[in-house]
Amino acid sequence: MAAVYGDASALQVPSGSGPVPFKDMDDDGTAPAEHTTPSPMEDLGDLALPRSQKPSVHLLPYQGCWLPDYWVPGVIEFQRRFNPRHDDVILASYPKCGTTWLIALAFTAAARRAYPPAAAVGEHAHPLRRLHPHDVVPLVEEVFARGEEARLDALPSPRLMRTHLPFTLLPPPVAAAGAGDGCRVVYVCRDPKDMVVSLWHFLRRSSKCEDISFAELFDAVCDGTSALGPVWEHALSYWRTSVERPDRVLFLRYNEDLLRNTGESVRRLAGFMGRPFSATEEAAGAVAAVVELCSLGNMKALEVNKAGNVAVGNLDMPRDSFFRKGVAGDWASIMTVEMATRMDEIFREKLLGTGFSFV
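- The name given to the protein chain in an unreviewed UniProt entry is Sulfotransferase, with the source organism recorded as Urochloa decumbens.
- The record held by UniProt for the protein chain lists under Sequence similarities (unreviewed entry) the comment "Belongs to the sulfotransferase 1 family."

Right, here's the structure in full:
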């Protein structure tokens, strides 16, 4: 029997006032709707397909992307079964490119009328003061891998979701949507050198990856065989669509947009999601309130982000591992000049003639 999940009225959120935290869509204790999850190989055909174990993760090549094998069933289900709504917004990124910050900023900006950023105590406290950002906005490939799409369907509109997949792996109704169709996408990219350093620090916080060497991860990114890689193809897939269809894909850069001009990025986000700030809100400091609540210092200080773990695929990650430095140029603390030069040259060659660069 399918689970019965709470609706917008049960959560006391005004209809159409903004996204609802996914964690709040609790079930009644009954089992979710069942479906048959395909074998990872069902849509991959030849059992002799190459595999990669760099770095320390079993990867399978699927539609031009190296996927962790435990993600493949969820990706297949997501591609087959996802039904977008006209006002859905999907937040996309390669891992450790500003995902957590983007989640916080987008949710707070979109839901600011239902959940004022300054609400700090009581039943009206902002969700980010009691929930980890990754519990607020669901990773859709994992939702489908766990067979929890009933919870996704139960979310009132507008829904806010996230993905780590390249644009080319998004479900056909999303990737092929024409003019006037819904499901907007916000993508954030980051200097690959900073990304790989951040990813290494992050993975080492998991007991399953604590022995991974930086050289191993670095080589995988440079070879294009890292999870969800090649990294250059990941970013290119969104950048090209943002150029062709700026109404459907908003392309942000971590350093240039989120770090250097957070307030203006919040305005762009809100407008793109159909929730522009009014002159009255601007005068009242609404943008600054969003930026303050979602700042790294504030998020790190919240008790909910200090203890416990968050499930990421088959990894159990400490909640505080999502909030480290959040700065630009940290790659120099670990990467040699020779390594930096090698990575820059590889990405320059891969992007030659595309019109795109990470920096």
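After that view, the rundown keeps rolling.
1. Let's talk about the overall build of the protein chain
Part 1: The secondary structure content of the protein chain amounts to 15 helices and 8 strands.
Part 2: In the protein chain, which comprises 359 residues, the share counted as buried stands at 56%.
Part 3: Nonlocal contacts in the protein chain, meaning residues at least 24 apart in sequence, comprise 74% of its contacts between residues at least 6 apart.
Part 4: When the accessible area of the protein chain is evaluated, it comes to approximately 15,200 Å², of which 52% is carbon and sulfur surface.

2. Topic: the pairing of strand E3 (residues 89-93)
Part 1: In terms of burial, E3 is a largely internal element, 5 of the 5 residues being buried.
Part 2: Neither face of E3 is left uncovered, since the one carrying Val89, Leu91 and Ser93 and the one carrying Ile90 and Ala92 both have all their residues buried.
Part 3: Note that E3 and strand E4 (residues 160-163) share 4 bridges and pair parallel. Within E4, the residue paired with Ile90 across the bridge is Met161.
Part 4: Examined bridge by bridge, E3 and strand E5 (residues 184-189) share 5 bridges and lie parallel to one another. Directly across from Leu91, in E5, lies its bridge partner Val186.

3. Focus on the packing of helix H7 (residues 192-203) against helix H15 (residues 337-350)
Part 1: For the pair H7 and H15, the least separation of the axes is 10 Å and the interaxial angle reads 120°. By the angle between their directions, the pair H7 and H15 is classed as oblique. Facing Pro192, Lys193 and Val196 of H7, the residues of H15 in contact are Ala340, Met343, Asp344 and Phe347.
Part 2: Taken together, the residues that form the contact of H7 with H15 break down as 5 nonpolar, no polar and 2 charged.

4. Re the sheet that holds E4
Part 1: Overall, parallel pairing links the 4 strands, which are arranged E4-E3-E5-E6 in an open sheet. In this open sheet, the two strands that pair with only one neighbour each are E4 and strand E6 (249-253). Within the sheet, the average angular offset between the axes of one strand and its neighbour, ignoring direction, is 20°.
Part 2: Where helix H9 (residues 231-244) meets the sheet, its contacts fall on E3, E4, E5 and E6, and the angle it forms with E6 comes to roughly 125°.
Part 3: Against the sheet, helix H11 (residues 262-272) contacts E5 and E6, and its axis sits at roughly 165° relative to E6.

5. Considering empty space enclosed by the protein
Part 1: For the coordinates displayed, the defined rule picks out 1 cavity of 30 Å³ or more.
Part 2: Put simply, the largest cavity is a space of about 50 Å³.
Part 3: In terms of lining, the largest cavity is formed by Pro19, Asp87, Val89, Ala110, Pro158, Arg159, Leu160, Met273 and Arg275.
Part 4: Residues that form the lining of the largest cavity fall into these classes: 6 nonpolar, no polar and 3 charged.

6. Comments concerning the pattern of salt bridges
Part 1: Enumeration over the complete set of coordinates arrives at 17 salt bridges.
Part 2: Salt-bridge contacts for Glu148 lead to Arg146; the nearest nitrogen and oxygen are separated by 3.2 Å.
Part 3: Overall, the relative accessible area of 45% leaves Arg146 in the partly exposed class.
Part 4: In this structure, the salt-bridge partner of Lys193 is Asp344, at a minimum N-O distance of 2.9 Å. Placement of Lys193 in helix H7 and of Asp344 in helix H15 is noted, with a sequence separation of 151 residues between them.
Part 5: Given the relative accessible area of 30%, Asp344 is considered partly exposed.
Part 6: Residues participating in the shared-partner salt-bridge network are Glu142, Arg146, Glu148 and Arg151.

7. Looking at the environment of Gly18
Part 1: Summarising the element assignment, Gly18 is placed in the segment before strand E1 (59-62).
Part 2: Classification of Gly18 by relative accessible area gives buried; the value is 3%.
Part 3: Separated by 142 residues in the primary sequence, Gly18 and Leu160 have C-alpha atoms spaced 8.9 Å apart.
Part 4: When near neighbours in sequence (up to four residues on either side) are disregarded, Gly18 contacts Ala110, Ala111, Pro158 and Arg275.

8. Some words on the packing of helix H8 (residues 214-223) against H15
Part 1: Closest axis-to-axis distance for the H8/H15 pair is 10 Å, and the angle between their directions is 20°. If you check the angle between H8 and H15, you find them roughly parallel. Seen from above, H8 lies across H15 with left-handed handedness. Between H8 and H15, the contacting residues are Phe214, Phe218, Asp219, Val221, Cys222 and Asp223 on the first element and Met339, Arg342, Met343, Ile346 and Phe347 on the second.
Part 2: Looking at the contact of H8 with H15, its residues break down into 8 nonpolar, no polar and 3 charged.

9. Notes on H7
Part 1: The first and last C-alpha atoms of H7 sit 16 Å apart over 12 residues, in line with the 16 Å expected at 1.5 Å per residue.
Part 2: Of all the positions in H7, only Pro192, Lys193, Asp194, Met195, Val196, Val197, Ser198, Leu199, Trp200, Phe202 and Leu203 are classed as buried.
Part 3: If you check the start of H7, you find a side-chain oxygen 2.9 Å away from the backbone N of Lys193, and it comes from Asp191.

Conventions used here
Residues numbered from 1 in each chain as written. Predicted model: local features only at pLDDT ≥ 70, side-chain atom pairs only at ≥ 80, totals over all residues. Heavy atoms only, no water. UniProt positions renumbered as here; feature names shortened; annotations may be inferred. Helix = DSSP H or I, 4+ residues; strand = E, 2+ residues; numbered from the N terminus. Buried < 20%, exposed > 50% of the residue type's maximum accessible area, 1.4 Å probe, protein only. Contact = heavy atoms within 4.5 Å. Areas by Shrake-Rupley, 256 points an atom, 1.4 Å probe, with all protein chains shown as cover. Pairing = 2+ DSSP bridges. Axes fitted to C-alpha atoms, helices over the stretch in contact; angles between N-to-C directions. Parallel < 35°, antiparallel > 145°, perpendicular 65-115°, else oblique. Nonpolar A, V, L, I, M, F, W, Y, C, P; charged D, E, K, R; others polar. 1 Å grid on protein atoms, 1.4 Å probe; cavity = no way out; pocket = protein on both sides within 12 Å on 5 of 7 lines; lining within 4 Å. Points joined across faces, edges and corners; volume = space filled by probe spheres on them. Salt bridge = Lys/Arg side-chain N within 4 Å of Asp/Glu carboxyl O. Left-handed = near helix turned anticlockwise from the far one by under 90°. Expected span 1.5 Å × (residues − 1). Polar contact = N/O pair within 3.5 Å; in protein donor to acceptor, adjacent residues only side chain to side chain.

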